[in-house]
Amino acid sequence: MPEGGDQPLALVLSGGGARGAYEAGVLRYALGKLAPRRGPSAIPQIFCGTSVGAINACALAARAELPDLGVRLLADRWESLRLEDVFKLGWGDLTAIARWLVGKPVVDGVTSLLDAGPLAVLVREFVPWRALHQNVADGRVRAVTLSATDVETGHTIIFVESATDHALYSTDASVEYVSTRLKPQHALASAAIPIIFPTVRVGGRLFVDGSVRQNTPISPAIRMGCERVLVIGLRADPRTLLARASRRQAASEQESLSAPLYLFGKLLDALLLDRVENDLANLRRVNAALEALSPGILEEQPVALALVAAGGSLRPVSDLFIRPSQDLGKVAADVLARPAVRARLSGPAGYLMRRIGENAVQTQDPSDLLSYLLFDGEYARELIALGERDAHEVREELDAFLGSA
């Protein structure tokens, strides 16, 4: 029997490359410090992730029987991370990359900016996949969903592993649910940031990062039957950028803002834009409609269909949203400026990180690209600590939410 009572809790994790360490920090506080006092109601039973959130979700679902241990191991792995644990980049690769970018690749040459072979090894070895399957089979985990993007169609494909038969459908023609036994390839497909990491083949089709279409997968959590959803975003409140956006730019600054590395970072940020605010607004509108309608009205088919089309279901779903209180691009630039970190980041991969950081200094603007790619333990520690502080700031609300079943 599931352990979460009558109001199953879903955990929804966003995408964002190296920013994913922030999720480990929030959860180390929520599941490691608060949840043990709250009992079964505070244990997630539904895990939904996109991109790096998909990897985090699988790691936690595989250790769902001991969530406090699961988040501690996840945080420890993030804090021990090195660039070479995630991707490879040799000096000899740079020429091949240049040829690939101008459309003249060599046979069996590169298909992306970075070789994500080490990430594949990490995902296979760190996530105990057999334990994940056993937790699902035992009912300890109701469902795990991973979102990826089909390269050919552009559709969002949601891979689902669940022990029960769910209505795997979507009112959005561009979203498809696929019931499967999750494997490392599914998580890697969800985390394949376009251009940066290579596409991943699953079932004879090519996939890239699920964040292209669905960065924060709230809808799958609702489809899987949750009554409560804890959502962790990886972008600071966009209103913090309004003051900067209103000022005039000097000619020298405009030149720096036109630099390829800066523009690519902004393009990536726009491509993987977190749509969580819109998703949560839709969820809350459905909740408000349910509160306003009487049970008799709910039985009328047109109303029921309208609510389903809005992305919800015929039940209220409470939510709690936690996101960074600081710009993670600025955190990444500050960490890279530390002499010990710069000294550690050697070779072509380190050179790439330093060049991105230098561009951020020239523009006096946080580096979005650096915050996605700085897979370094010191940066991870900063994000984990920030996640814990942000969760602590809403501890009363979080504690009540975890124990609300």
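Please refer to the structure placed before this passage.
Reference entry: report on the structure contained in this document. (Residues numbered from 1 in each chain as written. Predicted model: local features only at pLDDT ≥ 70, side-chain atom pairs only at ≥ 80, totals over all residues. Heavy atoms only, no water.)

**Notes on the overall build of the protein**
Counting secondary structure elements, the protein contains 20 helices and nine strands. For the protein, the residues scored as buried account for 52% of the 405 residues in total. Excluding contacts between residues fewer than 6 apart, the proportion of contacts in the protein whose partners are at least 24 apart in sequence is 78%. Here the protein displays about 17700 Å² of accessible surface, and carbon together with sulfur accounts for 55% of that area. (Helix = DSSP H or I, 4+ residues; strand = E, 2+ residues; numbered from the N terminus. Buried < 20%, exposed > 50% of the residue type's maximum accessible area, 1.4 Å probe, protein only. Contact = heavy atoms within 4.5 Å. Areas by Shrake-Rupley, 256 points an atom, 1.4 Å probe, with all protein chains shown as cover.)

**Section: a nonpolar patch on the surface**
Among the surface-exposed residues, L66, L69 and L73 lie close enough to one another that they form a single nonpolar patch of about 200 Å² accessible area. Following the sequence through the fold, L69 ends up in helix α3 (residues 67–79). (Patch = residues over 30% accessible without salt bridge, like charges linked within 9 Å, V, L, I, M, F, W, Y side chains within 5 Å. Salt bridge = Lys/Arg side-chain N within 4 Å of Asp/Glu carboxyl O.)

**Concerning helix α15 (residues 328–336)**
Taken residue by residue, α15 has L328, G329, V331, A332, V335 and L336 as its buried positions. Looking straight down α15, one finds its buried side chains confined to an arc of 160 degrees; they lie on one side. Between the side-chain oxygen of the N-cap and the backbone nitrogen of G329 there are 2.7 Å, and the N-cap of α15 in question is D327. (Arc of directions from axis to C-beta. Polar contact = N/O pair within 3.5 Å; in protein donor to acceptor, adjacent residues only side chain to side chain.)

**Things to note about the pairing of strand β4 (residues 156–162)**
Taken across its seven residues, β4 has six buried, putting it largely inside the fold. Pairing of strand β3 (residues 143–150) with β4 involves seven bridges; the strand directions are antiparallel. Bridge pairing in β4 places A148 opposite I157. What sits between β3 and β4 in their antiparallel hairpin is a turn of five residues, with G154 showing a positive phi close to 80 degrees. For β4 and strand β5 (residues 175–179), the ladder comprises five bridges, and the chain directions are parallel. Considered in β5, the bridge of T156 is made with V175. (Pairing = 2+ DSSP bridges.)

**Details of the nonpolar core**
In this structure, W78, V144, F197, M353 and L398 are the most contacted members of the largest nonpolar core, which totals 94 residues. In terms of residue count, helix α1 (residues 21–38) provides more of this core than any other element does, ten residues in total. Residues C48, V175, V231 and V317 belong to the second largest nonpolar core, which totals 19 residues. (Core = buried A, V, L, I, M, F, W, Y, C linked by side-chain atoms within 4.5 Å.)

**Some points on α3**
Residue pairs three or four apart in sequence face the same way in an α-helix, which turns once every 3.6 residues. The first and last C-alpha atoms of α3 sit 18 Å apart over 13 residues, in line with the 18 Å expected at 1.5 Å per residue. Those residues of α3 that fall on the buried side of the exposure criterion are P67, G70, V71, L74, A75 and W78. Buried residues of α3, viewed axially, fall in a sector of 125 degrees; they line one side. Structurally, α3 contributes buried residues whose contacts are with α1, α2 (52–61), α5 (117–126) and α19 (377–393). (Expected span 1.5 Å × (residues − 1).)

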